[in-house]
Amino acid sequence: EAAAAACILINKTKQFFALKEGICFLSDHMHMGIVDHCLAIASARALVIILSTETLSSRHQLEIMAHSMGLNEKGQGPATIPVNIFGFSFPAPHYYAHVLPHIWPEVSEDEVSHIGALFRTISCPYSTHASDQVLQAQTADILRRLPRQLFGGGNCQI
């Protein structure tokens, strides 16, 4: 479901502007592993994290969130933009104390803090089941959070 939402987002994005650089779906490169994903994230200009029903049980996605937000805390790394799709429920305090340690036993206090920071960032809703008009408006909201240097041609109306 997250991959499908990402594909819809990419297609809707093309209606607004052309990217200077390419787009990389980390999920298409799972063979790289978390270390190489973290290296890719460190050199990215933006990271859109699709929050789905499986997000809070995916150690890999949680590690990516923690890494990206850790970079952001230091003033480094990509703009990190959380996008929630239908079915995602934001974690309650119980999750951090009782569920997360079972999914990621070695998680540090800093990593827990970084994951929490992502969920304290206002997430953009993305309703893949909605009308084309709604999807265009939600896509525009997400694109407004991207760094301006990503836009081709320099003059983008969103």
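Being a predicted model, the structure only gives us computed values, none of them experimental. (Residues numbered from 1 in each chain as written. Predicted model: local features only at pLDDT ≥ 70, side-chain atom pairs only at ≥ 80, totals over all residues. Heavy atoms only, no water.)

Asks: Could you clarify how one ought to interpret helix α3 (residues 59–73) in this entry?
Replies: In an α-helix, one turn spans 3.6 residues; hence positions three or four apart end up facing the same way. In a regular helix each residue adds 1.5 Å, so 15 residues correspond to 21 Å; α3 covers 21 Å between its end C-alpha atoms and thus fits that length. Here α3 lies mainly inside the structure; 11 of its 15 residues are buried. Along α3, the positions that sit buried rather than exposed are His60, Gln61, Leu62, Glu63, Ile64, Met65, Ala66, Ser68, Met69, Gly70 and Leu71. Phi turns positive, to about 75°, at Gly75, one or two residues after α3. (Helix = DSSP H or I, 4+ residues; strand = E, 2+ residues; numbered from the N terminus. Expected span 1.5 Å × (residues − 1). Buried < 20%, exposed > 50% of the residue type's maximum accessible area, 1.4 Å probe, protein only.)

Asks: Even after reading the chapter, I still don't get the sheet that holds strand β3 (residues 124–126), so can you show me in this structure?
Replies: The strand order across the open sheet built from 3 strands is β1-β2-β3, with neighbouring strands paired in parallel fashion. Two strands close off the open sheet at either side, each with one partner strand: β1 (46–51) and β3. Geometrically, the sheet is characterised by an average inter-axis angle of 30° between neighbouring strands, direction not taken into account. With respect to the sheet, helix α6 (residues 132–143) is in contact with β2 (79–85) and β3, its orientation differing from that of β3 by roughly 150°. (Pairing = 2+ DSSP bridges. Axes fitted to C-alpha atoms, helices over the stretch in contact; angles between N-to-C directions. Contact = heavy atoms within 4.5 Å.)

Asks: What is the right way to read the environment of Val83 from this model?
Replies: Position of Val83 relative to the elements: it lies in strand β2. Using a relative accessible area of 0% as the deciding quantity, one classes Val83 as buried. In this structure, the C-alpha to C-alpha distance between Val83 and Val48, residues 35 residues apart in sequence, is 6.8 Å. Those residues in contact with Val83 that lie beyond four places of it in its chain are Val48, Ile49, Ile50, Leu51, Ser123, Cys124, Tyr126 and Ile142.

Asks: Got a minute to help me understand the pattern of salt bridges in this structure?
Replies: Opposite charge on two side chains allows them to pair when their charged atoms are near. Applying the stated criterion to the full structure yields 4 salt bridges. Here Arg59 makes a salt bridge to Glu63, at a shortest N to O gap of 2.8 Å. On the criterion of helical spacing, the pair formed by Arg59 and Glu63 is a turn pair, its members being 4 residues apart in helix α3. Glu63 gets classed as buried once you look at its relative accessible area, which sits at 13%. Linking Arg144 and Asp141 is a salt bridge whose minimum nitrogen-to-oxygen distance equals 2.6 Å. The exposure class assigned to Asp141 is partly exposed, which follows from its relative accessible area of 40%. Through salt bridges with shared partners, a single ionic network connects Arg59, Glu63 and Glu106. (Salt bridge = Lys/Arg side-chain N within 4 Å of Asp/Glu carboxyl O.)

Asks: What is the right way to read the packing of aromatic side chains from this model?
Replies: The geometry of an aromatic ring pair is captured by two quantities: the separation of the ring centres and the angle between the planes. Counted by the stated rule, this structure contains 4 aromatic pairs. Their ring planes at 85° and their centres at 4.8 Å tell us that Phe88 and Phe90 sit as a pair that is edge-to-face. A centroid spacing of 5.6 Å and a plane angle of 80° characterise the contact between Tyr95 and Tyr96, whose relative ring orientation is edge-to-face. One aromatic cluster in this structure is built from Phe88, Phe90 and Phe119. (Phe/Tyr/Trp six-rings, centres within 6.5 Å; stacked < 30°, edge-to-face > 60°.)

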